[in-house]
Amino acid sequence: MMSLKLRCFLATLAWSHYLQDSEFVLAAADTSALKASTVPYSYAVPGAFPTSLYSHYYNDPTATSAQPQPVISDPVTNEIFPYSLTDPYNISQYDTVDPHPLPPKASSQMLLQQAVAQIKSIAVNPMLSNCARCQASLEVAKFLALAAPEQGSNLALTLCEYFKYSSSCEKSFGPLVMGPILTQVVSFADVGGYDGQLICSQFLSLCPAPAATALNLTGWFAKPKPNPLPPPKQPSGQLLKVLHISDMHIDPRYANGAEANCTTGLCCRENAYNSYSPNTPLVPAARYGSFLCDAPLSLITSVLEAIPPLTGTESTGFNFTMSTGDMLAHDPENQQSRALNEYSEAVLYDLFKRMLGPGPTYATLGNHDTCLPDLASPSSLGGALGQQFSWLYDHITALWEQEGWLPEASVESSRAHYAAYMVKRADGLRVISLDTNLWLTSNYFNYINSSEPDVSGILRFLTDELQDAEDAGDRVWIIGHVYSGWDGATSLPNPTNLFYQIVDRFSPHVIANIFWGHAHEDLLSIFYANNGTNMSTETAQTVSWIGPSVTPLANQNSGFRVYEVDSATFEVIDAYTWMSNVNDYPALDSQTQFGPTFEFEYSTREAYGGNITWGATDPLNATWWQLVTEQMEVDPTLMEAFNLYQGKGSILTLPCTGECIPARICYIRSGSASIAKQNCVSGYGSSVQ
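Source: prediction; values computed, not measured. (Residues numbered from 1 in each chain as written. Predicted model: local features only at pLDDT ≥ 70, side-chain atom pairs only at ≥ 80, totals over all residues. Heavy atoms only, no water.)

**As for the overall build of the protein**
Line of reasoning, step 1. Scanning the protein from terminus to terminus reveals 19 helices and 12 strands.
Line of reasoning, step 2. What you see for the protein is a C-alpha radius of gyration of 39 Å, clearly larger than the 26 Å of a compact globule of 689 residues, by over 25%.
Line of reasoning, step 3. Each of the 689 residues in the protein was classed as buried or not, and the buried ones make up 52%.
Line of reasoning, step 4. Of the contacts formed within the protein by residues at least 6 apart in sequence, a portion of 70% connects residues at least 24 apart.
Line of reasoning, step 5. Averaging the coordinates of the 32 positive side-chain charges in the protein and doing the same for the 65 negative ones gives two points 1 Å apart. (Helix = DSSP H or I, 4+ residues; strand = E, 2+ residues; numbered from the N terminus. Rg over C-alpha atoms; globule rule 2.2 N^0.38 Å. Buried < 20%, exposed > 50% of the residue type's maximum accessible area, 1.4 Å probe, protein only. Contact = heavy atoms within 4.5 Å. Lys, Arg positive; Asp, Glu negative; His and termini not counted. Charge placed at Lys NZ, Arg CZ, Asp CG, Glu CD.)

This is how it looks when you write it as structure tokens:
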């Protein structure tokens, strides 16, 4: 160890070098040890390395081409440090001998606890916007779903209860209901991007709705739209009769006399009650149905029994029937089952076959025809997840085949394409049925890659079928359940935007008409050229008819419709609607002589065409309906009629005045959700309370 005296001497030398302009006399505290002397101005160190400092070297310490590498031992461990530690030519990287430790792997339960804690912290973070909080919380949920999917349902339940999202969290989000579905969705979705923003907007109203993504149609269509269009088919003057029946919503567990004005769950059930009178029904459920209930079997058989005599088809039947979906009741998720689904469909399709005559029924899946309701997963998920609803497509397709409604080629297509298919009839019309659950807002699976307009491939299927029809010179009717436009509340913008472009490409020469259900109300939408940028008689191309429901839910009368259709052009010449007044049903309970009365409600041509110059046999096409909307703009009585018919004459119909009138006209002119959201005032979609 260096002595204090030597250290003082060396310090003096250092100062002498620093102070170059003078010499000074060292005045040491211990003058006996170091006498005052004159310190030299500079000192030249010998050029050779002092090799005596170390006893061993890894290299030649006297060489001038490299720094000396002495062999050093650790005085604590007595281990020699290797040359590789200081080798200037091969510098070691990433110490693998002594890395920093990682925390212990968390258990599944610990991951759940941490996810809940993090989401609670995010929810109160003042530095984040509501939208950022929502998407950040989804990110936490995503990583839990990936790391511990068995905890996904528990997370959904815990958050539902903590944030008071529902009063029945276990019944809605437990492991036997929506919990596993939500777990799948967050694990696949881009929750930090477009998917997450859309989820937070649609279900929680915490983010602004993202704009529809720009479509890239390059390569989408195999051929450009013909210009000029092929000459239109000439009318035959012979009329087909086509029945449109929709939204049956049979409730096989309907309980006569149960509470029909319940404040929880589905009414007209034994466990339903009104909170003001939990033990005694305030409004007993009528035998044939009630305004806040789905259709009992007695109403289903009544409407099917009334249709043939009312429409003059007792001996002939219809040329064909369209059933645009929703066969099952609005059961809560915890009361759904695959068996109930299959039971309801088997009962109804059998009744169609036996009570409506020999003509085929072309059916489509509704959002309540799946289990759980609203759901359809894209096959692109792969494996079991992509096929988790194949049991439904196989079963319902087998029912349609068994009834003789689908040819073999259509059967295979239906099984492969979400129960979507094409049938080419002997009269030349092609009917294309779509599974529109694949653009439904309440289908959670539609929030996986939601910036893409056709994740499922259903619109690719439609486009290819329309191209085949164009090549063959055939006309097409498209049927589905969830309407693509109207007020834009039930369908997603991106897929319906693409659907609109497909309709534009193949209208009016291929697509003759489109038919939907779902609304329970009597509605209509018009499709225009060029994405509706100019809405006029010159640009109106195609009409989508949204049929009335059989079920009275909610606050509507029961109804159905028949179209008179030219057998060559397949254009609608007139549409006739019948209804039954649900308010009269309670009076029928105490007797068996009379059942419900179904009565003629209106002829579409007569109801709306009085002030329109139009040939007596000219079709009620998009041009005609555009003229109707123009008349509505100047004649409020037309909108009054439309509003009344919308709810099938229900006594609970609300007036449509003021801002409602232009809003409804805007909905009629909106064939896609994106156009509705862009152009229309929201909040006036329904005509009933």
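Alright, that's what it looks like, and here's the rest.
**Examining the side chain of Glu-403**
Line of reasoning, step 1. Among the secondary structure elements, Glu-403 is positioned in the loop between helix H11 (390–402) and helix H12 (408–416).
Line of reasoning, step 2. It turns out Glu-403 is buried and unbridged, and the closest side chain with the opposite charge, Lys-353, is 5.0 Å from it.
Line of reasoning, step 3. Residues in contact with Glu-403, not counting those within four places in the same chain, are Tyr-349, Asp-350 and Lys-353. (Salt bridge = Lys/Arg side-chain N within 4 Å of Asp/Glu carboxyl O.)

**A look at the pattern of salt bridges**
Line of reasoning, step 1. Inspection of the entire model under this criterion finds 18 salt bridges.
Line of reasoning, step 2. Arg-430 is paired through a salt bridge with Asp-474; the nearest N and O atoms lie 2.8 Å apart. One end of the pair, Arg-430, is in strand E5 (residues 429–433); the other, Asp-474, is in the loop between helix H13 (458–472) and strand E6 (475–479), and 44 residues separate them in sequence.
Line of reasoning, step 3. You can call Arg-430 buried: its relative accessible area is 9%.
Line of reasoning, step 4. With a shortest N-O distance of 2.4 Å, Arg-561 and Asp-522 are connected by a salt bridge. Residue Arg-561 is located in strand E10 (residues 558–566), and its partner Asp-522 is located in the loop between strand E7 (511–516) and strand E8 (523–528); the two are separated by 39 residues in the primary sequence.
Line of reasoning, step 5. Each of Asp-251, Arg-253, Arg-269 and Asp-331 takes part in a single network of salt bridges with overlapping partners.

**Some remarks on the environment of Asp-190**
Line of reasoning, step 1. Topologically, Asp-190 is positioned in the loop between helix H6 (179–188) and helix H7 (194–202).
Line of reasoning, step 2. Linking Asp-190 and Lys-142, residues 48 residues apart in sequence, is a C-alpha distance of 9.0 Å.
Line of reasoning, step 3. If near-sequence neighbours (up to four positions away) are discounted, Asp-190 is found in contact with Asp-195 and Gly-196.

**A short note on the state of the cysteines**
Line of reasoning, step 1. Scanning all chains against the criterion turns up 7 disulfides.
Line of reasoning, step 2. Covalent S-S linkage joins Cys-134 and Cys-200, the inter-sulfur distance amounting to 2.0 Å. Disulfide Cys-134-Cys-200: the torsion about the S-S bond is -95°, which places it as left-handed. Taken together, the positions of Cys-134 in helix H3 (residues 130–147) and Cys-200 in helix H7 put the pair 66 residues apart, joining distant regions of the chain. Residue Cys-134 shares its accessibility class with Cys-200, and that shared class is buried.
Line of reasoning, step 3. With no disulfide of its own, Cys-371 has Cys-160 as its nearest cysteine by sulfur position, at a separation of 20 Å. (Disulfide = S-S within 2.5 Å.)

**A look at the nonpolar core**
Line of reasoning, step 1. Ranked by size, the top nonpolar core spans 157 residues in total, and within it Trp-477, Phe-499, Trp-545, Tyr-608 and Trp-625 carry the most contacts.
Line of reasoning, step 2. Sort the elements by how many residues they give to this core and helix H18 (residues 660–668) lands first, with 7 residues.
Line of reasoning, step 3. When sequence neighbours within four positions are dropped, the list of residues in contact with Tyr-608 reads Tyr-602, Trp-624, Trp-625, Val-628, Met-632, Leu-638, Ala-641, Phe-642 and Tyr-645.
Line of reasoning, step 4. Within the second largest apolar cluster, 9 residues are counted, among which are Val-116, Ala-141, Leu-144 and Leu-159. (Core = buried A, V, L, I, M, F, W, Y, C linked by side-chain atoms within 4.5 Å.)

**What to know about the packing of helix H8 (residues 297–311) against helix H9 (residues 338–355)**
Line of reasoning, step 1. For the pair H8 and H9, interaxial distance at closest approach is 10 Å and the crossing angle is 25°. Between H8 and H9, the crossing angle belongs to the class labelled roughly parallel. In the crossing of H8 with H9, the sense of the turn from one axis to the other is right-handed. Contact residues: H8 offers Leu-297, Ile-300, Thr-301, Leu-304, Glu-305 and Pro-308, while H9 offers Leu-348, Leu-351, Phe-352 and Met-355.
Line of reasoning, step 2. When grouped by side-chain class, the residues that make up the contact of H8 with H9 number 8 nonpolar, 1 polar and 1 charged. (Axes fitted to C-alpha atoms, helices over the stretch in contact; angles between N-to-C directions. Parallel < 35°, antiparallel > 145°, perpendicular 65-115°, else oblique. Left-handed = near helix turned anticlockwise from the far one by under 90°. Nonpolar A, V, L, I, M, F, W, Y, C, P; charged D, E, K, R; others polar.)

**Describing the sheet that holds strand E11 (residues 572–580)**
Line of reasoning, step 1. Strand order in this open sheet of 6 strands is E3-E2-E1-E10-E11-E12, and the pairing throughout is mixed. Two strands in the sheet have a free side with no partner beyond their single neighbour: strand E3 (361–363) and strand E12 (598–603). Neighbour-to-neighbour, the strand axes of this sheet turn through a mean angle of 25°, independent of strand direction.
Line of reasoning, step 2. Judged from the 8 bridges that link them, E10 and E11 form a sheet pairing that is antiparallel. If you follow Arg-561 over to E11, its bridge partner there is Thr-577. (Pairing = 2+ DSSP bridges.)

**Brief notes about unusual backbone geometry**
Line of reasoning, step 1. Here the residue pair Ser-507 and Pro-508 is connected by a cis peptide bond, since its omega of 0° sits within 30 degrees of zero.
Line of reasoning, step 2. Relative to the helices and strands, Pro-508 resides in the loop between helix H14 (493–505) and E7.
Line of reasoning, step 3. With phi around 80°, Asp-374 is a residue other than glycine that occupies positive phi space.
Line of reasoning, step 4. Residue position: Asp-374 is located in the loop between E3 and helix H10 (383–386).
Line of reasoning, step 5. Even without being glycine, Phe-570 reaches a positive phi, approximately 60°.

**Some details on H8**
Think of an α-helix as 3.6 residues a turn; residues three or four steps apart then line up on the same face.
Line of reasoning, step 1. Helix length check: H8, at 15 residues, gives a terminal C-alpha distance of 22 Å against a target of 21 Å (1.5 Å per residue), a fit within 8%.
Line of reasoning, step 2. Those residues of H8 hidden inside the fold are in contact with strand E1 (239–245), H9, E10, E11 and E12.
Line of reasoning, step 3. Count one or two residues on from H8 and you reach Gly-312, which has phi positive near 70°. (Expected span 1.5 Å × (residues − 1).)

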